[in-house]
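In case you want the letters, here they are:
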Amino acid sequence: MKKVFTIFVVLLSVFLCLSGCTAQKKEEEPEVQKETFDLGGKTYYNTVDEYGHEDHSKVWFGKDGSFVFNDSYSEGYYEINGTWTLNEDVVTLNVDKTGQGSFSKVIFEVKDIDTLSLKTTLTGSKSDQVFSSTEVKGSTAKADTDTKPADGDKKENEGKNEGESETSAPKEIPCTGITSLYKNYWSYEGVKGWDLEIRPVPADTTDKMTFKSNDESVVKIDEEGKATAVGQGKTTIDATCGSKKLTVNYEVRAKGATASASTWWSENPNAVKGAEPHVYFDGAGNFIFTENLYSGMGTYKGTYVIEDGRYYCTVKEMKEDHGYLPEVEEIIFKIVDENTLKLKTSLQMSQPGELFYLGS
């Protein structure tokens, strides 16, 4: 019996020792520290711009939890505002106001403190594009870098010709062509600063683009390719880039001139086939806009005026036939040419940039 008791005491001692040692070992194990990020006050630029803009898309994170996102797209830039939150390595932008599209949330993944990866496809920026706070290729926002070789690099560069230097001037990129949104343009007398969207190819060419109006009593055009309609008449505009030249036609019509009743149809691929969005102008100042889509059907009615190359439609009545229609006070169309209008207002599925063509 005494022997059994002795064995029991020994086993109990071993168990208590092992328990104590394990507990002590756990206490001694260091906690794994998760990487933390502080984005407040920083600006991140998209390293890609498909539209030839100098500053690219960019997002600024305020220290107060607010953000401003300027997205670069074919028309220029639009702005998204709201608040941001950071959960480990995921940044969520909660959108309060947007000037394009209908985004409620925008998601980024934090790669490191200077690098974000976009996880939402926007109007201009695409999913998986990288935003950087340190370097943006081709952008005026690129961080300053010291190209002077360090002392340890001098020997490596010794004996090289000037043309072989790692800090030689950027390579020239010749212009290979010029594109224009349309061949024939027209506007009303008095229209100012109209971007004709005449662009060089490639967008990053080092050749300078120049513009010339062949009758400045009809239309003037500035060095950025923006037209101002001076007086009624017809002329041409020459665009030159390197050895390439493009000529487009331009007509200026009397201010306030209007056609008789007309209907303009969209070719939106998401629309109910045969009942695409369309707008009817009665020629007497009244309009009906039909948003006939799967996710939102209904009509806007009201009055319109034609000024500065645009149809300004004031909404007086709205009727939802199916789904949801956003409430808007004004619908604006830009006159592209005599057969084409471009929507400038964000609606349900019809979005800024959508083209409407003259129909019967």
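As shown above, the structure is provided for reference.
This report concerns the structure included in the present document. (Residues numbered from 1 in each chain as written. Predicted model: local features only at pLDDT ≥ 70, side-chain atom pairs only at ≥ 80, totals over all residues. Heavy atoms only, no water.)

## Notes on the nonpolar core
Grouped together as the largest cluster of nonpolar side chains are 44 residues, with contacts concentrated most on Tyr-250, Phe-281, Tyr-311, Ile-331 and Phe-333. Looking at this core, the element that brings in the most residues is strand E23 (residues 330–337), giving four residues. Residues contacting Tyr-311, with those up to four places away along its chain left out, are Trp-264, Phe-281, Tyr-304, Val-305, Ile-306, Ile-331, Ile-332, Phe-333, Ile-335 and Leu-341. Ranked by size, the runner-up nonpolar core spans 22 residues in total, among them Val-95, Val-106, Leu-118 and Phe-131. (Core = buried A, V, L, I, M, F, W, Y, C linked by side-chain atoms within 4.5 Å. Buried < 20%, exposed > 50% of the residue type's maximum accessible area, 1.4 Å probe, protein only. Helix = DSSP H or I, 4+ residues; strand = E, 2+ residues; numbered from the N terminus. Contact = heavy atoms within 4.5 Å.)

## A short note on the sheet that holds strand E13 (residues 209–213)
Overall, mixed pairing links the four strands, which are arranged E10-E17-E16-E13 in an open sheet. Strand pairing shows two members of the sheet lacking a second neighbour, strand E10 (184–188) and E13, which therefore form its edges. Recorded for the sheet is a direction-independent mean angle of 25 degrees between the axes of neighbouring strands. As defined by bridge partners, E13 adjoins strand E16 (residues 233–241) across five bridges and the pair is classed as antiparallel. The residue bridging Lys-212 from the neighbouring strand is Asp-238, located in E16. (Pairing = 2+ DSSP bridges. Axes fitted to C-alpha atoms, helices over the stretch in contact; angles between N-to-C directions.)

## Quick word on the sheet that holds strand E14 (residues 219–221)
Within a beta sheet, neighbouring strands are joined by backbone hydrogen bonds and run either parallel or antiparallel to one another. Pairing is antiparallel in the open sheet, where three strands are placed in the order E11-E15-E14. Every other strand in the sheet has two partners, leaving strand E11 (194–195) and E14 as the edge strands with one partner each. Across three bridges, the pairing between E14 and strand E15 (residues 226–229) is antiparallel. Across the sheet, the residue bridging to Val-219 is Ala-229, located in E15.

## Structural notes on the pattern of salt bridges
All chains considered together, the criterion is met by eight salt bridges. Here Lys-342 and Glu-197 are joined by a salt bridge, their closest N and O atoms 3.2 Å apart. Taken together, the residues Lys-342 in strand E24 (residues 340–343) and Glu-197 in the loop between E11 and strand E12 (198–201) connect sequence positions 145 residues apart. Its relative accessible area of 4% is what places Lys-342 among the buried residues. With a closest N to O distance of 3.9 Å, Asp-238 and Lys-245 form a salt bridge. Exposure remark for Asp-238: the relative accessible area of 11% places this residue in the buried category. Of the residues examined, Lys-245 reaches a relative accessible area of 58% and is grouped as exposed. Where salt bridges share partners, they join Glu-109, Lys-111, Lys-119 and Asp-128 into one cluster. (Salt bridge = Lys/Arg side-chain N within 4 Å of Asp/Glu carboxyl O.)

## Remarks on the pairing of strand E1 (residues 43–46)
Here three bridges tie E1 to strand E2 (residues 58–61), and the two strands are oriented antiparallel to one another. Bridging from a neighbouring strand, Tyr-44 pairs with Val-59 of E2. Of the pairings in the sheet, the one linking E1 to strand E8 (residues 130–132) comprises two bridges and is antiparallel in character. When the bridges of E8 are listed, Asn-46 appears paired with Phe-131.

## Brief notes about the environment of Asn-94
Mapped onto the elements of the fold, Asn-94 is located in strand E5 (residues 90–98). Here Asn-94 is in contact with Phe-67, Asn-81, Gly-82, Thr-83, Thr-85, Ser-104 and Lys-105, once residues within four sequence places are set aside. Engagement of the side chain of Asn-94 in a polar contact is seen with the side chain of Lys-105, the distance being 2.5 Å. (Polar contact = N/O pair within 3.5 Å; in protein donor to acceptor, adjacent residues only side chain to side chain.)

## Description of the packing of aromatic side chains
For the structure shown, the criterion picks out 14 aromatic pairs. Here Phe-333 and Phe-356 contribute two aromatic rings whose centre-to-centre distance is 5.3 Å and whose plane-to-plane angle is 80 degrees, an arrangement assigned as edge-to-face. A residue pair is termed long-range when its members are at least 10 positions apart, and Phe-333 in strand E23 and Phe-356 in strand E25 (residues 355–359) qualify at 23 residues. On the accessibility criterion, Phe-333 (0% relative accessible area) is buried. The rings of Phe-281, Phe-289, Tyr-300, Tyr-304, Tyr-311, Phe-333 and Phe-356 are connected pair by pair, giving a single aromatic cluster. (Phe/Tyr/Trp six-rings, centres within 6.5 Å; stacked < 30°, edge-to-face > 60°.)

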